[in-house]
Amino acid sequence: MVASAVLGFPRIGANREIKKAVEAYWAGKISADDLTKTASEIKKVSWESVKAAGVDYIPSGEFSFYDHVLDHSASFNVIPKRYQGTNLSALDVYFAMGRGRQADGVDVPASEMKKWFNSNYHFVVPEFDDETDFKLVANKALAEYKEAKALGIETRPVVLGPISYLILGKPSKEAKAGFEPISLLPKLLPVYKKLLSELKEAGAQWVQIDEPILVLDSAASLEKQYASAYAELSPVSPKIVLTTYFSRLDSNVEFVAKLPVAGLHIDLDSAPEQLQSVITAVKPTSLILSLGLVSGRNIWKNDFAASIKIGENAIAALTADRVIAATSSSLLHTPVTLAGEKKLTAEQKDWFSFALEKASEVATIAAVLSGSQDAKVAQALEANRVSIAKRREFESSSDDAVRKRVSAITPGMLDRKSPFAVRQKIQAEKLKLPKFPTTTIGSFPQTKEIRLARAKLGKGEITEQEYEEFIKKEIDSVVAFQEKIGLDLLVHGEPERNDMVQYFGEHFSGFVFTQNAWVQSYGSRYVRPPIIVSDVSRPHPITVKWSSYAQSVSKAPMKGMLTGPVTILNWSFPRADVTRELQSKQLALALRDEVIDLEKAGISAIQVDEPAIREGLPLRRSDWDNYLKWAVDSFKLSTAGVTDALQTHSHFCYSDFDDIFPSIQRLDADVISIEASKADMKLLKTFKQFGYSNQIGPGVYDIHSPRVPGQEEIQERLKAMLGTLPDSLLFINPDCGLKTRGWKETEASLLNLVNAAKWARQAYP
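These lines cover the structure that appears in this document, whether it is placed above or below. None of the values given here were measured: they were computed from a predicted structure.

**Let's talk about the pattern of salt bridges**
The tally for this structure, following the rule as stated, stands at 48 salt bridges. The salt bridge involving Glu23 is made with Lys19; its shortest N-O contact spans 3.0 Å. In this pair, Glu23 and Lys19 are both assigned in helix 1 (residues 17-26), four residues apart and thus about one turn of the helix distant. Judged by relative accessible area, Glu23 falls into the partly exposed class, the value being 32%. Of the residues examined, Lys19 reaches a relative accessible area of 19% and is grouped as buried. Of the charged contacts in the structure, one is a salt bridge between Lys170 and Glu112, with a shortest N-O distance of 2.8 Å. Of this pair, Lys170 sits in strand 9 (residues 170-171) while Glu112 sits in the loop between strand 4 (106-108) and strand 5 (113-115); the two residues are 58 residues apart in sequence, bridging distant segments of the chain. One salt-bridge network, in which partners are shared between bridges, spans Asp217, Arg248, Asp250, Glu273, Arg620 and Asp623.

**Observations regarding the packing of helix 1 against helix 2 (residues 32-52)**
Each pair of packed helices can be described by the angle between their axes along with the distance between the axes. Two elements in contact, helix 1 and helix 2, have axes whose closest approach is 10 Å; the angle formed by their N-to-C orientations is 175°. As far as their axial angle goes, helix 2 and helix 1 are roughly antiparallel. Touching Glu17, Ile18, Ala21, Val22 and Tyr25 of helix 1 are Ala32, Leu35, Thr38, Ala39 and Ile42, all from helix 2. The class makeup of the residues in the contact of helix 1 with helix 2 is eight nonpolar, one polar and one charged.

**Description of the packing of helix 7 (residues 185-201) against helix 8 (residues 223-233)**
At a minimum axis distance of 9 Å, the contact between helix 7 and helix 8 shows a crossing angle of 35°. In this structure, helix 7 meets helix 8 at a crossing whose hand is right-handed. Residues Leu185, Leu189, Tyr192, Lys193 and Leu196 of helix 7 touch helix 8, and the partners they reach there are Gln225, Ala229, Glu232 and Leu233. In terms of residue class, the contact of helix 7 with helix 8 is built from six nonpolar, one polar and two charged.

**Here we look at the side chain of Lys636**
In this structure, Lys636 sits in helix 23 (residues 624-639). Contacts of Lys636, omitting those with residues within four sequence positions, involve Met413, Leu414, Asp415, Arg666 and Leu667.

**Considerations on the side chain of Ser673**
Relative to the helices and strands, Ser673 resides in strand 22 (residues 671-674). When sequence neighbours within four positions are dropped, the list of residues in contact with Ser673 reads Ile441, Ser650, His651, Phe652, Gly697 and Asn733.

**Let's talk about the sheet that holds strand 12 (residues 263-267)**
Spatial ordering of the open sheet is given by 1-14-13-12-11-10-8-2, a layout of eight strands whose pairing is parallel. Every other strand in the sheet has two partners, leaving strand 1 (3-5) and strand 2 (59-60) as the edge strands with one partner each. Inspection of the sheet shows strand 2 paired to strand 8 (residues 156-160) by two bridges, in the parallel sense. In the sheet register, Ser60 faces strand 8, and the bridge partner there is Pro157.

**Points about the packing of aromatic side chains**
With the rule as written, the count across this model stands at 31 aromatic pairs. Arranged with centres 6.4 Å apart and planes meeting at 65°, the rings of Tyr66 and Phe95 form a pair that is edge-to-face. A residue pair is termed long-range when its members are at least 10 positions apart, and Tyr66 in the loop between strand 2 and helix 3 (68-75) and Phe95 in helix 4 (residues 90-99) qualify at 29 residues. Phe95 carries the same exposure label as Tyr66, and that label is buried. One aromatic cluster in this structure is built from Tyr25, Trp26, Phe63, Phe65, Tyr66, Tyr94 and Phe95. Between Arg16 and the ring centre of Trp518, over which it is positioned, the NZ or CZ distance is 4.1 Å. Lying over the aromatic face of Phe246, Arg297 brings its terminal NZ or CZ to 4.6 Å of the ring centre.

**Considering the environment of His649**
Here His649 shows up in strand 21 (residues 647-652). As a C-alpha pair, His649 and Lys559 span 90 residues in sequence and 8.9 Å in three-dimensional space. Those residues in contact with His649 that sit more than four places away from it in its chain are Leu489, Lys559, Ala605, Ile606, Gln607, Val608, Ala669, Val671 and Phe731.

**Side note on unusual backbone geometry**
Comment: phi is negative for the bulk of residues other than glycine, and the bulk of peptide bonds are trans. Unusually for a residue other than glycine, Arg16 sits at a positive phi of about 60°. On the secondary structure map, Arg16 appears in the loop between strand 1 and helix 1. When its relative accessible area of 23% is taken as the criterion, Arg16 is described as partly exposed. Even without being glycine, Asn87 reaches a positive phi, approximately 60°. Note that Asn87 resides in the loop between helix 3 and helix 4. The exposure class of Asn87 is exposed, given its relative accessible area of 81%.

**Notes on the sheet that holds strand 19 (residues 559-563)**
Read from one edge of the open sheet, five strands run 19-20-21-22-23, paired in parallel fashion. Each of the sheet's edge strands pairs with one partner strand only, and the pair in question is strand 19 and strand 23 (695-698). Direction aside, neighbouring strands of the sheet carry axes that sit 20° apart on average. Pairing between strand 22 and strand 23: four bridges, direction parallel. Paired with Ile672 across the bridge in strand 23 is Ile696.

So, how was this worked out
- Residues numbered from 1 in each chain as written.
- Predicted model: local features only at pLDDT ≥ 70, side-chain atom pairs only at ≥ 80, totals over all residues.
- Heavy atoms only, no water.
- Salt bridge = Lys/Arg side-chain N within 4 Å of Asp/Glu carboxyl O.
- Helix = DSSP H or I, 4+ residues; strand = E, 2+ residues; numbered from the N terminus.
- Buried < 20%, exposed > 50% of the residue type's maximum accessible area, 1.4 Å probe, protein only.
- Axes fitted to C-alpha atoms, helices over the stretch in contact; angles between N-to-C directions.
- Parallel < 35°, antiparallel > 145°, perpendicular 65-115°, else oblique.
- Contact = heavy atoms within 4.5 Å.
- Nonpolar A, V, L, I, M, F, W, Y, C, P; charged D, E, K, R; others polar.
- Left-handed = near helix turned anticlockwise from the far one by under 90°.
- Pairing = 2+ DSSP bridges.
- Phe/Tyr/Trp six-rings, centres within 6.5 Å; stacked < 30°, edge-to-face > 60°.
- Lys NZ or Arg CZ within 6 Å of the ring centre and 35° of its normal.

Okay, here's the thing in C-alpha cells:
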C-alpha cells in the first residue's frame, strides 16, 4: 500500500493570525502566554486539516514564530555572545536574534539573513566558533509531537539535519581564522541523539530529517560526515526518512543510498529527471522512497495522470510498500487554502491548488496507486482529468504580438550606446551630485493611513480622484522630508504601491491576483505573489505619472523606481507550461517600454531592482550558465533603450553574490546598491577579489530591524568601504527599501546617514 505524506505546512494561519499575534507581542499588546495560545490554535487547525485530507504522515515540529533555523539555534543554545547577558526572556532573545532590539537598555543588531536555497524565504544564519556550547535547551520537536498526540493526531516530527544546520551557518566574529562550522559535528551529534531518543521514547514511529544541502555540489565532499553522523543517530532514533528538495541528488545518491536510514525523499517537481538514477541506487536496499510529486513551490493543480504514471514506475521497481506519495517540499512556500478566494473566476480557481488542497492531492494520488475502489477517489480522478484538459486548452492560446516581439530581440538591444566611463561623465554633468551622493532604495514607510486609503479605494468608499490627491500629498511629504535632511538623489516613496511585484503585475496583462494567498518571506513579513497565467505585456505606462509628479515638486534629481524582470518572475508564481526564460524576456520588454517612457518624461535616474537574481540561480553549478545568460540579458534588455545621460541603478539583497559577481558586472548598471551591513560587510572581500568599475552603494545599515544605527556606526562602515572601493564610485544608502519601517526610526536613521556622508566629504576630500 502506498502511503501519503506532507513535508511541512504553512505556519502563518489562514488569516495571518501568527503575523498579527507576533506583531502584537512586539508592540506589548499581548503577553507571551497569549502568543503561545494563538500558536497552539493554529497548529491544531493545521494538523486537523491535514488529517482530514486523508494524509498518512502529518508533519509536526516545523511551526515557527519567526524561522525554523532560528528555532534550532535557540533550542541548541547557539546564541551569539552579543545576545547573552541581556536579562531578556528566552523568547525575547529569540526575537532579538531575528530582528534586533533597541529598547530597555539593550541595543543589538539582528543576525544575518540569507535566502533559503533558491526560494524567497529567508532564514536566520547560525553563528559558530570553537566555544559554541551545544545543549538541548528545549526539544521543540518533542513538545509539538506530544501536543498533536494529545489531540489524537499521530504526526511525523520534522527536524533540520545536523550537517545541513552546520553548513548553513557561518563562523562567528570570535571564530579563529580558518574555522569551519562542520568541524563541530562531533560536538553537535550528542544533542541530536538526545532529541531523537526522546522522540522515540515518546512513541514517535518516524522522524523526517531534512538534509537539503544534499542537492548541492558541495555535499559530495561530506560523504564521511554523513556516514558517521547517521551511524550514530539511527540506532537511537525513530525510523528516519532523509529528506531532500529543490534539486537533484545526482552522484550524491550513491552514498546517500548506503546510509542507515529507513527512507529517502526526493523532489520530482524541481528535478523529475533524477527518478531513474535514484530508483537504481535504492532498489538493492530496503529504503522506502518518498516521491515528491505534488509541488511545494507552485500553486498549479497537480496533473494526477502524470503523477500516477511516475508512481507506477516506482512501484514496478520497488513494490507499493516501498513508495510514498508526497509533496515535493514543505508547503511553507504556498498559501494556506483556496477556500478564502472569492474574486477569482470559477475557471481561474479551477487551475490552482494551495497547501490544504495539495494535502488532498497527495492523499488521492496515494489512494489511486494503492488500488482504491472508493467512489470519491474515482470522482476526484475524473474531476482532475477534466480540469487539466481545460487548463491545457487555455495554455495553448498565446499573444502573437508578444511572442513576435520576443523573437525579434537582437544582441544590439542589450547594450547601452556607450561604455560606462563615457556615460559617467555625461551623467555627472547632468545630475550634479556631490561626492559620496546619498540616496535610498526606493520605498518609504507604508503607514496605516496609506493602507487605509488603498482599502477605501478598493471598497469604493473614495473616488479615484480622491485617492490620487491623497497619494500626491504623501509624495509631497516624502519629497519635502528628503530635501529637509539633505538627501541628494530623491525618490517619490512609492505610497501608491501595495507590493514591489504585485503592483507591476496589476498593471501588466497576463497576471491574476488573489485576496488571501499569503506566504511567509521572513519573520512577520508575508507576501502575496501574483500569478502569471498567460503572455505578459504592458498596456499603458505604470509609474510615469507618479515619478513625474515627484520631479515636478523638487529641483533635486528624482529616481524612478521599477522592479526588474527576473525579480518579478521569481517573486511571482510563474507559468509551468512555458520556460522561465520566455516569461522573463516578456517582462523585460514590458519594462523596457516603461524605462524609455520615464526618460522621455524627464526622469534622469531609474532604478530597476533585481534582489532575486541570485535567488533564481539553479542549485547545481552545471545549470548556472544557461540561467545567468538569460537572466542578465533580461535585465540589460529592460534598461538599454535609454540615452547615455540616463543613470541606471539596480539593487540586490540577502544572497551570496560572490560566486556570480562577474554576472553582476555584466549587468552594466551605472550604479548598484547591495545589502552589506547585515552580513558584516563581507561583500567587500568580493569587491577586492573581482574589482568593480561602475558606481556602487553597499548598504550602510540594516532596514529589516527597527534599530536606529548611530552616525559613528555608519562612519565606521564607510571607512571599511573606502579601504576597498575608490571614493569616486561610492554611493551611500541603506540596505533596502523602507516600506516596513516606522517613520520615527526612518527619520533618525536617514539623518545619521546624511550626517555620516557629510563627515566623509570632509574626511576624504
